[in-house]
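Summary of structural features
Now for the letters of each chain:
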Amino acid sequence: MDIATDCRQVTRLEIVDTGRRRRWSEGEKLRIVEESYSAQRQASATARRHGISTPPLFAWRKAHREGRLGEGGVCGFEPTMIVPEQPKKRSRTGWRAPWKW
């Protein structure tokens, strides 16, 4: 019997409830984000430990860096710029030629 000749009707259809979408409080998100920063290469492991996929975790981390999650961004990092040291200019007062004419 193949699918073309199988004419049985479905008498019962079971719907499996997978549950609602999980909602995380800001405090829980902040705790998970801080845990993901605890060591190098911890984001994926942290996401698996809490039963979430990595895209939401990375979105929460970005929101945290931008100050939209918690009290602010990651502490300890400040944008800096390195500029070359400018040569000192000599003043003309008090300057004498090293030779006489």
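Since the model is a prediction, treat every value here as computed from it, not as a measurement.

As a further point, take the environment of leucine 69. For leucine 69, the position within the fold is in the segment after α3 (54–65). Linking leucine 69 and glycine 27, residues 42 residues apart in sequence, is a C-alpha distance of 8.9 Å.

So, about the packing of aromatic side chains. All chains considered together, the criterion is met by one aromatic pair. Between the aromatic rings of tryptophan 24 and tryptophan 60, the centroid separation amounts to 5.9 Å while the plane-to-plane angle is 65°, which identifies the pairing as edge-to-face. In this pair, tryptophan 24 sits in the segment before α1 (26–36) while tryptophan 60 sits in helix α3, placing the two residues 36 residues apart along the sequence. Its relative accessible area of 12% is what places tryptophan 60 among the buried residues.

Secondary-structure assignment places glutamine 42 in the loop between α1 and α2 (43–50). Beyond its immediate chain neighbours, meaning those up to four positions away, glutamine 42 contacts Glu35, Ser36 and Arg49.

Here α3 is 12 residues long and its end C-alpha atoms lie 16 Å apart, about the 16 Å a rise of 1.5 Å per residue gives. Along α3, the positions that sit buried rather than exposed are Leu57, Trp60, Arg61, Ala63 and His64. In a view along the axis of α3, the buried residues occupy a sector of 160°, so they form one face of it. Along α3, exposed side chains directed more than 90 degrees from the buried face belong to Pro55 and Arg65. Next to the buried residues of α3 lie α1 and α2.

On average, the chain scores 78 in pLDDT, and the residues at 70 or more come to 65%. Confidence, expressed as mean pLDDT per element, reaches its minimum in the chain at α2 with 91 and its maximum at α3 with 93.

Listed in full, the 10 residues of the largest apolar core are Trp24, Ile32, Val33, Ala43, Ala47, Ile52, Leu57, Trp60, Ala63 and Leu69. Elements represented by at least two residues in this core include exactly α1, α2 and α3. The dominant element in this core, judged by the number of residues it contributes, is α3, at three residues. Setting aside anything within four residues of it in sequence, one finds valine 33 in contact with Leu57, Trp60, Arg61, His64 and Leu69.

The rules behind each value
- Residues numbered from 1 in each chain as written.
- Predicted model: local features only at pLDDT ≥ 70, side-chain atom pairs only at ≥ 80, totals over all residues.
- Heavy atoms only, no water.
- Helix = DSSP H or I, 4+ residues; strand = E, 2+ residues; numbered from the N terminus.
- Phe/Tyr/Trp six-rings, centres within 6.5 Å; stacked < 30°, edge-to-face > 60°.
- Buried < 20%, exposed > 50% of the residue type's maximum accessible area, 1.4 Å probe, protein only.
- Contact = heavy atoms within 4.5 Å.
- Expected span 1.5 Å × (residues − 1).
- Arc of directions from axis to C-beta.
- pLDDT = per-residue confidence, 0-100.
- Core = buried A, V, L, I, M, F, W, Y, C linked by side-chain atoms within 4.5 Å.

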